[in-house]
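If you want the building blocks of each chain, they are given just below.
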Amino acid sequence: MKIFITAVTALVTVMVTTTAQAFCGFYVAKADTSLFNQASQVVLVRDDDRTVITMANDFEGEARDFAVVIPVPTMIEREQINVGDRAIIEHLDAYTSPRLVEYHDGNPCARYDREELMSMDANLPAAAKELKRSARSQGVTIEASYTVGEYDILILSAKQSDGLIRWLNDNGYKIPRGAERVVDSYLGQDMRFFVARVNVKEQSRLGYQYLRPLQVAYESNKFMLPIRLGTLNAKGKQELYVYALTRTGRVETTNYRTVKLPTDVELPEFVEGEFADFYRDMFARQSEKENERAVFLEYAWDMAWCDPCAADPLSHEELRKLGVFWLGKNGQEAKRMIQPQAQNVFVTRLHVRYDAEHFPEDLMFQETGDRQNYQGRYVIRHPWKGEASCDLTQYDASVRERQEREAQLLANMTGWDIADIREKIPFTGGIRPVTVKEPWWKRIWD
Amino acid sequence: MKLISRLADPRYYQVAVLTTLLSIGVFVLDFGIRWQNAVAIILTAQAVQFIGTRLYGLPRFDPMSALITSLSLTLLLRTELIALAIAAPAIAISSKFLIRVKGKHVFNPANVALVTLMLLSDHAWVSSGQWGSAAIGAFGLACLGFLVLTRARRAETTIAFLACYGALLFGRALWLSDPMSIPVHQLQNGALLIFAFFMISDPKTTPNAAVGRMVFGALVAALAFVIQFIYYQPNGPILALILSAPLVPVIDALLQGTHYRWGKSDAQSSAHVKGVQT
């Protein structure tokens, strides 16, 4: 699943500047995939046995060094392959990112209630013959070769892994050690290999500075994502985002736990400046809590709307380009169906940090009937800073109580030191809440 | 005497274990089980059991089996539609009264309800991955389940199923030259163990003869493997059980055995079912 020649650079995402006012708070920041190094992003569009997969990676080295080897369940024809638009994936990332929202306390002296806020829920004409000949001699069959956009693509099948791996290495694909067993396993499961690398001539002719995502459409009863090859060359854990676009409802893994991250949590004000650190540490801690064996749900929502929006929902055109085949061309279906769920697309964003030890098996998925909306939403509440026309003793005390509660929650979620957190909180009136000194044994097992 | 006969009835243990599992699922693993569904399932099951008892003139109303069925359904069935949460136990319990061969119901009630709803609706599903694969958790489940089984004294189906399914998984791994961590991971599935210890083990819907139960367990394992690893569909065991269930009367006709009665040990049971010797 993962590129074999890797680079440690993050995707550059477009910053969203719109701060729309919404019922669920004012949107301030998001935790997008650029927070994590070496992240792969995969969009899976699936209905019945039809699948369209879009693969984006954060490779930013020399284009001629890029290669990808992916197990695919069926033979792939030329028309089943496409080169997509990176901007759409960046948009999907932004739309589904965990978000930070803020509220400002109203004037505590005013009479309206300041109760708790509602919690809401490859074409090589000359070389081709030579390639085929060398392939046959090693028991490898080149079932097809295409040039699509800036990529040279081969569909390979083989009797045995050693021939295939030798052939790939001879032809400039650096296959990591230990790949034989995994490749054998996929061959045994009747899978083929989709091999792509950049055709530098085509790339300079087309004028792209970066690699565009590859898209493949196929029909198979396997609703899965092969991750085992990715664990071979990785230095440490791999970061993978799966965006599933389905018709019925949320997608979950059937062979690993799918866990919702803590959400709708109130955080101290200073987290606004450290949202990225907060999210990274919170994710790491939650992953540890699940013995590093869980897939995390970051977003599950009907594509027709959002609240608050980290970015606008994807347009009909963008969804079509991602391969959402059940939407009619030029919004035909949307016109016919004038109802709240006009888009008829449900998006699930899964985030998994994996390695061979904790994720021995490929990810197997199923679509559920669950259409309940879920988002990673983190809340900052700013205390009232205006003129006071009444006695604020009671209000100030309640704010201090809230600040202390937020500090403890934050420490609990991220594993940050509670004393450091308290240090950063401007407790109202400068009065630190009286806290009982922690007994020495309180944190020794952390 | 009454107390002794109660202790001999393994269903009390089953209810205790299923309730424990349900609590773990709700409070520790945060499954997303809706309490409304749980209430709807339990009440509907009892209501249908009561109606069935009256209609079919059974000597007394027995709430225990219906309670076990509703706990299994609560653990396994996921839906956001309350109508489906009501339909599930209605299908389950009524199947016991309606689909019978030689005085014995054919389908495991919870199993028939799950499969019917999954086939008919997009809004019912089983979250087989939600138990996670923490080894200790799996071990705990197995032990608890085994306790129930030894009381039920009819463990052959479960043992045959797990042995054959395990053998097939390890065999597949060897054939594909996969690391053994893969079949181990596949076996550490909470939903699989619940199926093996609490669904396929149901003495009422498994063959009367011990050999028959072993054959049946092995058959379900083979079918489950085909569904899960050749057709790549989730919920292989649950689908395999419903496909195999109609063979139980056939196995019973071929192999002599004793029909199980709750609260009676095999020796006490008087209802001998004479099989046809071939």
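Residues numbered from 1 in each chain as written. Chains lettered and ligands numbered in written order. Predicted model: local features only at pLDDT ≥ 70, side-chain atom pairs only at ≥ 80, totals over all residues.

1. Re the sheet that holds strand 9 (residues 192-198) of chain A
Residue and element names in this part refer to chain A.
So, step 1. Spatial strand order, 4-9-8-7: four strands in an open sheet with antiparallel pairing. Each edge of the open sheet is held by one strand with a lone partner, namely strand 4 (67-72) and strand 7 (140-148). In this sheet, neighbouring strand axes are inclined to one another by 20° on average, regardless of whether the strands run parallel or antiparallel.
So, step 2. Sheet topology places strand 8 (residues 151-158) next to strand 9; six bridges connect them, and they run antiparallel. (Pairing = 2+ DSSP bridges. Helix = DSSP H or I, 4+ residues; strand = E, 2+ residues; numbered from the N terminus. Axes fitted to C-alpha atoms, helices over the stretch in contact; angles between N-to-C directions.)

2. Observations concerning the domain arrangement of chain B
All names here are of chain B.
So, step 1. Along its sequence, chain B is organised into domain 1 (32-126) and domain 2 (138-273).
So, step 2. Between domain 1 and domain 2, the contact holds 15 residues from the first and 17 residues from the second.
So, step 3. Breaking the side of domain 1 that touches domain 2 down by element, the ones donating at least two residues are helix 4 (63-76), strand 3 (104-105) and helix 6 (109-120).
So, step 4. Here the side of domain 1 that touches domain 2 gets five residues from one element, more than from any other, and that element is helix 6.
So, step 5. Tallied by class, residues from the side of domain 1 that touches domain 2 come to nine nonpolar, four polar and two charged. (Domains from an automatic or database assignment. Contact = placed C-beta atoms within 7 Å. Nonpolar A, V, L, I, M, F, W, Y, C, P; charged D, E, K, R; others polar.)

3. A closer look at the nonpolar core
Generally speaking, a soluble globular protein has its nonpolar side chains buried in company with each other.
So, step 1. Counting residues in each nonpolar core, the largest one holds 87 residues, and the members touching the most others are V43, F194, V242 and L245 of chain A.
So, step 2. Beyond its immediate stretch of four places on either side in the chain, V242 of chain A contacts V42, L44, L225 and L350 of chain A.
So, step 3. The next biggest cluster of nonpolar side chains, apart from the first, holds 60 residues, and it includes A110, A113, V115 and F216 of chain B. (Core = buried A, V, L, I, M, F, W, Y, C linked by C-beta atoms within 7 Å. Buried ≥ 20, exposed ≤ 12 C-beta atoms within 10 Å, placed from the backbone.)

4. Concerning unusual backbone geometry
All names here are of chain A.
So, step 1. Backbone torsion omega between D307 and P308 reads -5°, so that peptide bond is classified as cis.
So, step 2. With respect to the helices, strands and loops of the structure, P308 is situated in the loop between strand 16 (294-302) and helix 8 (316-321).
So, step 3. Positive phi, normally seen in glycine, also occurs at D190, with a value near 65°.
So, step 4. Tracing the backbone shows D190 in the loop between helix 4 (179-188) and strand 9.
So, step 5. Under the C-beta neighbour-count criterion, D190 is labelled exposed, with 9 such atoms within 10 Å.
So, step 6. If you check the backbone angles, N291 has positive phi at about 60° while not being a glycine.
So, step 7. With respect to the secondary-structure elements, N291 resides in the loop between helix 7 (275-289) and strand 16.

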